[in-house]
Amino acid sequence: GGSHLPDVTLVQPVFLKEDLIAFVSNIAHWSDVGGRSPGVGTAGDSTEIFQEGLRIPPTRIINKGHIRQDILDLLFINMRGLEERQGDFRAQVAALRLGEHRLLELAHKYGFKTLSDCIEELMNYSERRLRLALTEIPAGTYKFMDAMDDDGYQENQLPVKVTITVNTENEPSIEFDFSGSASQAKGGINMVWSALLATVFYAVKAIIAPDIPPNAGFQRPIHINAPPGCMLNAIEPAAVGGRTDTCQRVVDVIMGALSQAVPERVIAASNGATTAIIFGGTKSLSGKDFVYVEALGGGMGAHANLDGMDGVQVHITNTSNLPVEAMEMEYPLRVQQYKLVKDSGGAGTYRGGLSIRKDIQVLVPVLFSAHSDRHRIPPWGLAGAHPGECGRFILNPDTSVERKIRSKISGLIIREKEVISAQTAGGGGFGSPSERNPQLVAQDYLEGKISKKHAVEIYGVSLTPEGYIDWNTTHSLRKGLQVREE
């Protein structure tokens, strides 16, 4: 299943003559599935699942090759953007048909028994490979804790804790225990069990087994515990629209815990939130119905021997970077600026990635919704490095009437010609800033990634306006910086 209501799953059986041999399935994110405001299924401030859209239980929608139009009508009449929803559905059905075609090609070419044996062996292969890879991790228990800024309603921070136990004897395995994490939140940042599973599996693959095929066999050595009713394993009617922010924090705490065992394999905390912005139009407010959802990238955490990437989606999200021209042609929105944020990456021997700032002006009144995090708690650095800068939402930035907007919000009316500025968080650094190669500092300055003040005060590197290094002054600055760090 998906991890929030807009993740719509289609499943189809595959028959070889009269025999059921497999299922094909896919998940697509639909921009709107109903709810109290456009795209609210992706917002972060609902208080129960019923506010986030239509809940679709397992329902037969195609029977003997024929679409159940009555069922389809029942779904679509509760959703906005009919043409888009119809397109989503047709695309998913086409993908299922292609999957069925490819499977039957293999079954006819090699025979079902051979195909089945290969699938089983592929899963066993992944299990063997992961157990072997786990023997490269020092056995022991590793703990780490971070927190969510808030849940959209209460200002208090919500802890995310993990205890990781690595066993390298007999059948090597790894256990993730999230006991002690916050109880189920009032706002929509809760995770369902399938989201927690997917997040942990991703982290294991990224840190321990990047080249091992992910499948059911890969999952066998991984054991996960999170008490039902906690924020990471919520029970209904919990709201979950902004759950990816929490998924990102789960990856961060896993990275933090395993930095104690294999620091060379992890990265510092990244922008740590799926900054999702949603612009919704209605006929009465905007002149027409529309929903535009965008997930913004941010700074990736630095590695033990590599700077973090700038302005990218990290860990749990991988949506496309929609070209500005395409967005402006389709929606009554205009991008005023779209840039990397100077000095936003955490300083270190290796610098955290820079965050993004995107200012969007609305040409008609719209409803604005969003979910994000790391607006108050910055992405931490490792091994003496600095954290990245926090993110923020600002209405009418750089004006006398600018005001800060909550990180989790839905249905905020933005008036014609007003501007929303969305800024994500930067990535944490890795290692002491005083150990960074001065040439890299100079390069960052010339590329506009850091200011001259940042170079001097944080890195201890004196630069001319042209970007040349004043080595005598730099040596003195570095000595003073090292003393302060000690």
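Here the structure is shown first, and the text comes after it.
Every chain is numbered independently, its residues counted from 1 as its sequence is written. Note on the predicted model: pLDDT of at least 70 is required for a residue's local features to be given, and 80 or more for side-chain atom pairs to be given and counted; whole-chain, interface and lining totals, by contrast, use all residues. As a convention, hydrogens and water are excluded, and side-chain values are obtained from all of the structure's heavy atoms.

1. What to know about the side chain of Thr275
- Only DSSP runs of H or I covering at least 4 residues are called helices, and only runs of E covering at least 2 are called strands; the numbering of each starts at the N terminus. Mapped onto the elements, Thr275 comes out in strand S9 (residues 275-281).
- Under the rule applied, a polar contact is a pair of N or O atoms within 3.5 Å (in protein, one hydrogen donor and one hydrogen acceptor; residues adjacent in sequence only if both atoms are side-chain atoms). One polar contact links Thr275 to Ser372, side chain to side chain, over a distance of 3.0 Å.
- A contact between two residues is defined here by any heavy atoms of the two lying within 4.5 Å. Thr275 has contacts with Glu294, Ala295, Leu296, His371, Ser372, Phe393 and Thr424, leaving out every residue within four places of it along the chain.

2. As for helix H2 (residues 82-110)
- For H2, which comprises 29 residues, the first-to-last C-alpha distance of 43 Å matches the rise-based estimate of 42 Å (1.5 Å per residue) to within 8%.
- Note on exposure labels: buried denotes an accessible area under 20% of the residue type's maximum, exposed denotes more than 50%, and partly exposed covers the range between, all computed with a 1.4 Å probe on protein chains only. Within H2, burial applies to Arg85, Phe89, Gln92, Val93, Leu96, Leu104 and Ala107.
- Of the surrounding secondary structure, the elements contacted by the buried residues of H2 are strand S1 (7-16), strand S2 (19-29), strand S3 (62-63), strand S4 (66-67), helix H1 (69-76) and helix H3 (112-134).
- Phi for Gly111, located one or two positions after H2, is positive at around 90°. Multiplying one less than the number of residues by 1.5 Å gives the expected span of a helix.

3. Remarks on H1
- The set of residues buried in H1 consists of Ile71, Leu72, Leu75 and Phe76. All buried residues of H1 fall inside an arc of 130° around its axis, so they share one side.
- Summarising the contacts, the buried residues of H1 are in contact with S4 and H2. It is the directions from the helix axis to the C-beta atoms whose arc is reported.

4. Section: the environment of Leu5
- Among the secondary structure elements, Leu5 is positioned in the segment before S1.
- The contacts of Leu5, once residues within four sequence positions are left out, are Val33, Ile49, Glu52, Gly53, Leu54 and Arg55.

5. Examining the environment of Met79
- In this fold, Met79 is placed in the loop between H1 and H2.
- Along the primary structure Met79 and Glu485 are separated by 406 residues, whereas in three dimensions their C-alpha atoms are 56 Å apart.
- Non-local contacts of Met79, meaning those with residues more than four positions away in its chain, are made with Trp30, Asp32, Val33, Gly34, Leu54, Ile56 and Arg85.

6. Re the packing of aromatic side chains
- Ring geometry is summarised as follows: Phe, Tyr and Trp rings, the Trp one being its six-membered ring, pair when their centres sit within 6.5 Å, and such pairs are stacked at plane angles under 30 degrees, edge-to-face over 60 and tilted between the two. Under the counting rule described, the total for this entry stands at 6 aromatic pairs.
- Measuring from centroid to centroid gives 5.4 Å for Phe279 and Phe368, while their planes differ by 55°, and the two rings are tilted. Of this pair, Phe279 sits in strand S9 while Phe368 sits in strand S13 (residues 366-371), and the two are 89 residues apart along the sequence.
- Grouping aromatic residues by their ring pairs yields a cluster made of Phe279, Phe368 and Phe393.

7. Description of the sheet that holds strand S16 (residues 408-414)
- Only strands joined by at least two bridges in the DSSP assignment are considered to pair. Reading across the sheet, the 4 strands line up as S10-S9-S13-S16 and stay open at both edges, with antiparallel pairing between neighbours. The open sheet has two free edges, formed respectively by strand S10 (290-296) and S16, since each of these has just one partner strand. In this sheet, neighbouring strand axes are inclined to one another by 15° on average, regardless of whether the strands run parallel or antiparallel.
- Relative to S16, S13 runs antiparallel, the two sharing 5 bridges. In the strand pairing of S16, Phe368 is matched with Leu412. Angles run from 0 to 180 degrees between N-to-C directions of axes, and those axes are lines fitted to C-alpha atoms, restricted for helices to the stretch in contact.

8. As for empty space enclosed by the protein
- As defined here, a cavity is a set of points on a 1 Å grid over the protein atoms alone where a 1.4 Å probe fits but cannot get out. A pocket is an open set with protein on both sides within 12 Å along at least five of seven lines, and residues line them when an atom is within 4 Å of a point. Grid points are joined across faces, edges and corners, and a volume is the space filled by probe spheres set on the points. One pass over the structure, following the stated rule, counts 1 cavity of 30 Å³ or more.
- Within this model, the largest cavity holds a volume of roughly 40 Å³.
- Surrounding the largest cavity, Gln248, Asn271, Ala273, Thr274, Ala295, Leu296, Gln313, Val314 and Thr317 form its lining.
- The residue makeup of the lining of the largest cavity, split by class, is 4 nonpolar, 5 polar and no charged. For this scheme, ten residues count as nonpolar: Ala, Val, Leu, Ile, Met, Phe, Trp, Tyr, Cys and Pro. Four count as charged, namely Asp, Glu, Lys and Arg, and the remainder, Gly too, count as polar.

Everything listed here is a matter of geometry and, on its own, says nothing about what the molecule does.
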